[in-house]
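# Report on the structure
Listed below are the residues making up each chain.
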Protein chains: 2
Amino acid sequence: MPNFDDFVAGNEEFVATFKDGDKPMPPARKALLVTCMDARIHPEKALGVDIGDIHVVRNAGGRAVDAVRSVTISQQLLGTTEIFVVHHTDCGMLTFSTPQLQGIVKDRLGHDDATHYHEFSDLEKSVRDDVALLKASPVVRPGTPIRGGIYDVRTGKISWLD
Amino acid sequence: MPNFDDFVAGNEEFVATFKDGDKPMPPARKALLVTCMDARIHPEKALGVDIGDIHVVRNAGGRAVDAVRSVTISQQLLGTTEIFVVHHTDCGMLTFSTPQLQGIVKDRLGHDDATHYHEFSDLEKSVRDDVALLKASPVVRPGTPIRGGIYDVRTGKISWLD
């Protein structure tokens with residue numbers, strides 16, 4: 001694995017100055033962020049939060065459909081009370097369709113793939129849809145404040161939607 | 001939302017020194033990390049990676065079951081070739097059972113909840129199970145190197161499993 005030695009060395013450097021070993025399990029800021037797995041997003045840096053502050057759920061696109069289980073655990077067992085959903089410009093989810101990717105999987109892996117990949121063609125709509133999905137979920141606390149935003153990978157700026 | 005103004009201010013500070021606007025969509029290190037949403041894990045800092053380097057998928061527990069869709073997109077469309085699965089000490093997933101949480105949801109939200117919450121009672125086994133799940137998945141590239149590890153929230157150290 002080409003990265004393994006680098007990650008071990010990176011972790012050793014991190015451990016050498018680590019000072020946050022006393023933080024409790026529940027997030028200090030009682031907030032949960034749902035965002036994309038994209039390599040250009042470092043969520044904690046982008047929001048200015050510290051170790052111990054917020055739950056961060058990430059997946060391809062930052063889609064709520066894959067986050068609901070985590071939100072319920074976060075709210076019911078670990079006391080978070082607000083949710084932020086942040087998608088981003090230049091997202092890979094804007095570049096393909098589920099049938100296309102199912103075809104790629106069939107060609108390369110020989111598998112008849114029935115996965116829905118939850119891609120999107122309208123970035124702002126994808127954020128609003130995911131806020132709506134969480135607001136409508138029977139396992140998300142009713143009345144939870146949920147705010148959507150878009151992270152610009154060129155500038156680092158998050159534009160929050162009304 | 002109590003955190004909103006702080007997050008806006010934190011992001012303004014981040015933007016003021018942002019220098020990574022030219023990174024491409026595919027992760028430079030061709031790696032994907034699956035880890036927990038826990039607030040005490042800042043994955044990029046813990047591995048010493050930069051903006052643009054790796055995909056990061058996070059959910060309650062760092063469970064592979066919620067990560068497969070993202071792994072397929074990462075491998076087939078964005079060229080990642082290795083996977084790291086990192087769970088952590090003092091994880092919330094060690095503290096409850098699915099029937100208990102379903103009962104809490106029923107009591108507090110009035111919903112007959114059939115969600116499987118994918119908790120675990122053996123931390124090392126949970127990592128090995130998730131490595132095995134990914135290795136066995138028909139939508140994960142056969143032969144992908146996958147390494148498991150455990151992050152210690154008291155020290156910041158990642159212990160990699162053999």
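Under an unreviewed UniProt entry, the name given to chain A is Carbonic anhydrase, and the source organism is Chlorella variabilis. In the Function (unreviewed entry) part of its UniProt record, chain A is described as follows: "Reversible hydration of carbon dioxide."

A side chain of one charge can pair with a side chain of the opposite charge when the charged atoms of the two come close. On inspection of all chains with the given rule, the structure shows 24 salt bridges over all chains. Ionic pairing is found between Glu44 of chain B and Arg58 of chain A, a salt bridge with its closest N-O pair at 2.9 Å. Highlighted residues: Glu44 of chain B in helix 2 (residues 43-47) and Arg58 of chain A in strand 2 (residues 54-59), drawn from two different chains. Here Glu44 of chain B falls in the buried class, since its relative accessible area comes to 5%. A relative accessible area of 1% means that Arg58 of chain A is categorised as buried.

Attention now goes to the relation of the copies chain A and chain B. Taken together, a rotation about one axis and a shift along it account for how the two chain copies relate. If you rotate chain A by 180° and push it 0.0 Å along the axis, it lands on chain B with an RMSD of 0.0 Å. What the rotation and shift describe, once combined, is the action of a two-fold rotation axis. Considering only C-alpha atoms, the residue of chain A closest to the rotation axis is Arg58 of chain A, which sits at 2.3 Å. Most of the interface of chain A is mirrored in chain B, where 100% of its interface residues again form contacts.

Moving on to helix 5 (residues 123-136) of chain B. Residue and element names in this part refer to chain B. Spanning 14 residues, helix 5 covers 20 Å between terminal C-alpha atoms, matching the ideal 20 Å at 1.5 Å per step. Looking only at helix 5, the buried set comprises Leu123, Ser126, Val127, Asp130, Val131 and Leu134. Along helix 5, the residues classed as buried sweep out an arc of 135° about the axis, all on the same side. Away from its buried face by more than 90 degrees, helix 5 exposes Lys135 and Ala136. Tucked inside the fold, the buried residues of helix 5 contact helix 3 (68-78), strand 3 (82-88) and strand 4 (146-151). Capping the start of helix 5 is the job of one residue whose side-chain oxygen sits 3.2 Å from the backbone nitrogen of Glu124: Asp122.

Moving on, we get to the packing of helix 4 (residues 98-109) of chain A against helix 3 of chain B. The description of two helices packed together rests on the angle between their axes and the distance between the axes. At a minimum axis distance of 11 Å, the contact between helix 4 of chain A and helix 3 of chain B shows a crossing angle of 75°. In terms of axis orientation, helix 4 of chain A runs roughly perpendicular to helix 3 of chain B. Across the interface between the two elements, Leu101, Ile104, Val105, Arg108 and Leu109 of chain A of helix 4 of chain A pack against Thr72, Ile73, Gln76 and Leu77 of chain B of helix 3 of chain B. Classifying every residue of the contact of helix 4 of chain A with helix 3 of chain B gives six nonpolar, two polar and one charged.

What follows is about the UniProt feature "binding site: Zn(2+)" (unreviewed entry) in chain A. The positions that UniProt labels "binding site: Zn(2+)" (unreviewed entry) are, in the present scheme, Cys36, Asp38, His88 and Cys91 of chain A. A maximum C-alpha distance of 8.7 Å places the annotated residues, which cover 56 residues in sequence, within one compact spot. By secondary structure assignment, the location of His88 of chain A is in strand 3 (residues 82-88). For His88 of chain A, a relative accessible area of 0% translates into the label buried. Among the residues examined, Cys91 of chain A registers a relative accessible area of 2% and is labelled buried. Apart from the residues within four sequence positions on either side, Cys91 of chain A is in contact with Cys36, Gly61 and Phe120 of chain A together with Met25 of chain B.

Each value, and the rule that gives it
Residues numbered from 1 in each chain as written. Chains lettered and ligands numbered in written order. Predicted model: local features only at pLDDT ≥ 70, side-chain atom pairs only at ≥ 80, totals over all residues. Heavy atoms only, no water. UniProt positions renumbered as here; feature names shortened; annotations may be inferred. Salt bridge = Lys/Arg side-chain N within 4 Å of Asp/Glu carboxyl O. Helix = DSSP H or I, 4+ residues; strand = E, 2+ residues; numbered from the N terminus. Buried < 20%, exposed > 50% of the residue type's maximum accessible area, 1.4 Å probe, protein only. Least-squares fit on C-alpha atoms with pLDDT ≥ 70 in both. Contact = heavy atoms within 4.5 Å. Expected span 1.5 Å × (residues − 1). Arc of directions from axis to C-beta. Polar contact = N/O pair within 3.5 Å; in protein donor to acceptor, adjacent residues only side chain to side chain. Axes fitted to C-alpha atoms, helices over the stretch in contact; angles between N-to-C directions. Parallel < 35°, antiparallel > 145°, perpendicular 65-115°, else oblique. Nonpolar A, V, L, I, M, F, W, Y, C, P; charged D, E, K, R; others polar.

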